[in-house]
Amino acid sequence: MSRFDAHRGYAPAPAGDRPRLFDLMLPWAAGILVTVIAELCVAVVVWDWVAGDDPSSVATPARTILFLHLPSAVCIALGTWAAAAAHRSPSRDSRVRHALAAFAPAVALQLVIYVSQGSDLTVLTFLVQLVVLLVGCAVGFLADRLRNG
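On a predicted model such as this, the values are computed, not experimentally measured, just so you know.

Cut-offs applied
- Residues numbered from 1 in each chain as written.
- Predicted model: local features only at pLDDT ≥ 70, side-chain atom pairs only at ≥ 80, totals over all residues.
- Heavy atoms only, no water.
- Helix = DSSP H or I, 4+ residues; strand = E, 2+ residues; numbered from the N terminus.
- Buried < 20%, exposed > 50% of the residue type's maximum accessible area, 1.4 Å probe, protein only.
- Contact = heavy atoms within 4.5 Å.
- Salt bridge = Lys/Arg side-chain N within 4 Å of Asp/Glu carboxyl O.
- Core = buried A, V, L, I, M, F, W, Y, C linked by side-chain atoms within 4.5 Å.
- pLDDT = per-residue confidence, 0-100.
- Patch = residues over 30% accessible without salt bridge, like charges linked within 9 Å, V, L, I, M, F, W, Y side chains within 5 Å.
- Areas by Shrake-Rupley, 256 points an atom, 1.4 Å probe, with all protein chains shown as cover.

Draft legend 1. Inspection of the overall build of the chain at higher detail. A tally of regular secondary structure across the chain gives five helices and zero strands. Split into buried and exposed, the 149 residues of the chain put 29% on the buried side. In the chain, of all internal contacts separated by at least 6 residues, the share reaching a separation of at least 24 is 64%.

Laid out in structure tokens, this is it:
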């Protein structure tokens with residue numbers, strides 16, 4: 001920063017003076033971006049290479065878990081890990097804010113999925129997707145905790 005910028009009042013605000021919401025925006029963006037890109041890659045692999053033109057080839061319960069729910073949990077875990085890794089101190093030092101930074105992107109994306117399903121959402125699909133969300137978030141958060149000791 002030059003003397004000219006400081007003279008005109010363009011100095012950036014210290015990290016302690018920023019609103020706490022700004023400390024969460026980068027982790028949320030990272031979590032959403034990583035989750036969406038990972039889900040798109042999984043969709044291409046599963047629906048273009050594995051299932052092809054015949055979606056009935058993955059219609060059994062075991063294949064649905066293997067090709068749909070398990071990869072979705074991995075994508076959620078990657079997104080949660082990315083969000084938690086992008087969350088920086090001093091906001092990271094608060095357990096509540098760190099959990100909010102890590103879990104909010106996955107929960108928000110899951111809510112979008114629930115809303116998009118509309119009347120097709122059944123109790124069973126709700127519970128299965130909830131388990132996938134919880135497992136993915138737990139694995140991603142655990143990976144971040146292991147990485148940071």
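Okay, back to it.
Draft legend 2. Inspection of the pattern of salt bridges at higher detail. Considering all chains together, one arrives at two salt bridges under this definition. Between Asp 144 and Arg 92 there is a salt bridge; the shortest N-O distance is 2.9 Å. Note that Asp 144 is positioned in helix α5 (residues 123-147) and Arg 92 in the loop between α3 (61-86) and α4 (95-117), a separation of 52 residues in sequence. Assessed through its relative accessible area of 0%, Asp 144 is described here as buried. The shortest N-O distance in the salt bridge between Asp 144 and Arg 147 comes to 3.5 Å. Of this pair, Asp 144 and Arg 147 are both found in helix α5, three residues apart, which corresponds to roughly one turn of the helix. Residue classification places Arg 147 among the partly exposed residues on the basis of a relative accessible area of 45%. Three or more residues are tied together by salt bridges with common partners; here these are Arg 92, Asp 144 and Arg 147.

Draft legend 3. Highlighting the nonpolar core. In this structure, Ala 73, Ile 76, Ala 106, Val 132, Leu 133 and Cys 137 together form the largest nonpolar core, which totals six residues. At the level of elements, α3 and α5 are the ones that each hand at least two residues to this core. If one sorts the elements of this core by residue count, α5 sits on top with three residues. Discounting chain neighbours no more than four positions away, the residues touching Val 132 are His 69, Ser 72, Ala 73 and Ile 76.

Draft legend 4. Looking closely at unusual backbone geometry. Note the cis peptide between Ser 89 and Pro 90, where omega equals 0°. Here Pro 90 lies in the loop between α3 and α4.

Draft legend 5. Spatial organisation of the confidence of the model for the chain. Predicted confidence across the chain gives a mean pLDDT of 85, with 85% of residues reaching 70 or more. Mean pLDDT across the elements of the chain ranges from a minimum in helix α1 (residues 3-8), with 54, to a maximum in α5, with 94.

Draft legend 6. Region of interest: the side chain of Gln 129. Mapped onto the secondary structure, Gln 129 falls in helix α5. Not counting residues within four places of it along the chain, the set of residues in contact with Gln 129 comprises Gln 110, Ile 113, Tyr 114, Gln 117 and Leu 121.

Draft legend 7. A look at a nonpolar patch on the surface. Residues Val 34, Val 74, Leu 78 and Trp 81 make up a contiguous nonpolar surface patch of roughly 300 Å² in combined accessible area. Mapping Trp 81 onto the fold places it in helix α3. With relative accessibility at 33%, the residue Trp 81 sits in the partly exposed group.

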